Amino acid sequence: QVQLVESGGGLVQPGGSLRLPCAASGSIISMNVMAWYRQVSGKERELVAAITSDGTTNYADSVKGRFTISRDNAKDSVYLQMNSLKPEDTAVYYCNAVFNRNERLRYNYWGQGTQVTVSS
């Protein structure tokens, strides 16, 4: 019942910045974790950044200091601010929401993905 829509992707030069918004059709207040993943063709999807319901964040080592994840519960949105972009950041970025109803049941929602290409 929760739909996620990412946007903000595009072509950017190395060293540039992009801000990716993810809008949810439903409330994200109850979501235990909101996250951004990225995937390169032929490789597994990897976690880029995550933020818990209490605001705790976690980042992949490769993006620490450059990317910032934030959530706005009032707007039912999560954002990924990407600075100092590198060609290695090129990938399809996916918004993710996880609701752990209990220890045995997890709801996992995904956006459609948005392409980020870092190239000169």
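Residues numbered from 1 in each chain as written. Predicted model: local features only at pLDDT ≥ 70, side-chain atom pairs only at ≥ 80, totals over all residues. Heavy atoms only, no water.

Peer 1: Would you mind showing me how to read the nonpolar core here?
Peer 2: Counting 30 residues, the largest nonpolar core has Leu4, Met34, Trp36, Leu80, Met82 and Tyr93 as the members making the most contacts within it. Mapped onto this core, the elements with two or more residues apiece are β3 (18-24), β4 (33-39), β5 (46-52), β7 (67-72), β8 (77-82), β9 (91-102) and β11 (114-118). If we skip the residues at most four places from it in the chain, Leu80 touches Leu18, Arg19, Leu20, Trp36, Val48, Ala49, Phe67, Thr68, Ile69 and Tyr93. (Core = buried A, V, L, I, M, F, W, Y, C linked by side-chain atoms within 4.5 Å. Buried < 20%, exposed > 50% of the residue type's maximum accessible area, 1.4 Å probe, protein only. Helix = DSSP H or I, 4+ residues; strand = E, 2+ residues; numbered from the N terminus. Contact = heavy atoms within 4.5 Å.)

Peer 1: Quick question: what am I supposed to make of the side chain of Arg71 here?
Peer 2: Assignment of secondary structure puts Arg71 in strand β7. A distance of 3.4 Å separates the side chain of Arg71 from the backbone oxygen of Ile51, its partner in a polar contact. Here Asn73 takes part through its side chain, which lies 3.3 Å from a polar atom of the side chain of Arg71. Setting aside residues no more than four positions away along its own chain, Arg71 makes contact with Ile28, Ile29, Met31, Asn32, Met34, Ile51, Thr52, Ser53, Ser77 and Val78. (Polar contact = N/O pair within 3.5 Å; in protein donor to acceptor, adjacent residues only side chain to side chain.)

Peer 1: Whenever I open this one, the pattern of salt bridges confuses me. Can you help?
Peer 2: Summed over all chains, the structure comprises 4 salt bridges. Arg38 serves as the salt-bridge partner of Glu46, at 2.8 Å between the closest nitrogen and oxygen. On the basis of relative accessible area, Glu46 is assigned to the partly exposed category, the value being 36%. For the salt bridge of Lys64 with Asp61, the shortest nitrogen-to-oxygen distance reads 3.1 Å. Salt bridges here are not isolated pairs; linked through shared partners, they connect Arg38, Glu46, Arg66 and Asp89. (Salt bridge = Lys/Arg side-chain N within 4 Å of Asp/Glu carboxyl O.)

Peer 1: Got a minute to help me understand the pairing of β7 in this structure?
Peer 2: Of the two faces of β7, the one lined by Phe67, Ile69 and Arg71 is fully buried and the one lined by Thr68, Ser70 and Asp72 carries no buried residue. Where β7 meets β8, 6 bridges bridge the pair, whose relative direction is antiparallel. Of the residues in β8, the one forming a bridge with Ser70 is Tyr79. The antiparallel pairing of β7 with β8 creates a hairpin that spans 4 residues between the two strands, and Asp76 there sits at a positive phi of about 50°. (Pairing = 2+ DSSP bridges.)

Peer 1: Would you mind going over the pairing of β3 with me for this structure?
Peer 2: In regular strands, side chains alternate between the two faces of the sheet. Covered by surrounding structure in β3 are Leu18, Leu20, Cys22 and Ala24 only, the residues Arg19, Pro21 and Ala23 on the alternate face being uncovered. Strand direction decides the pairing type here: strand β1 (residues 4-6) and β3, joined by 3 bridges, are antiparallel. Pairing of Glu6 across the sheet is with Cys22, part of β3. Note that β3 and β8 share 6 bridges and pair antiparallel. Looking at β8, one finds that Pro21 is bridged to Tyr79.

The values are spatial; any link to function lies outside them.
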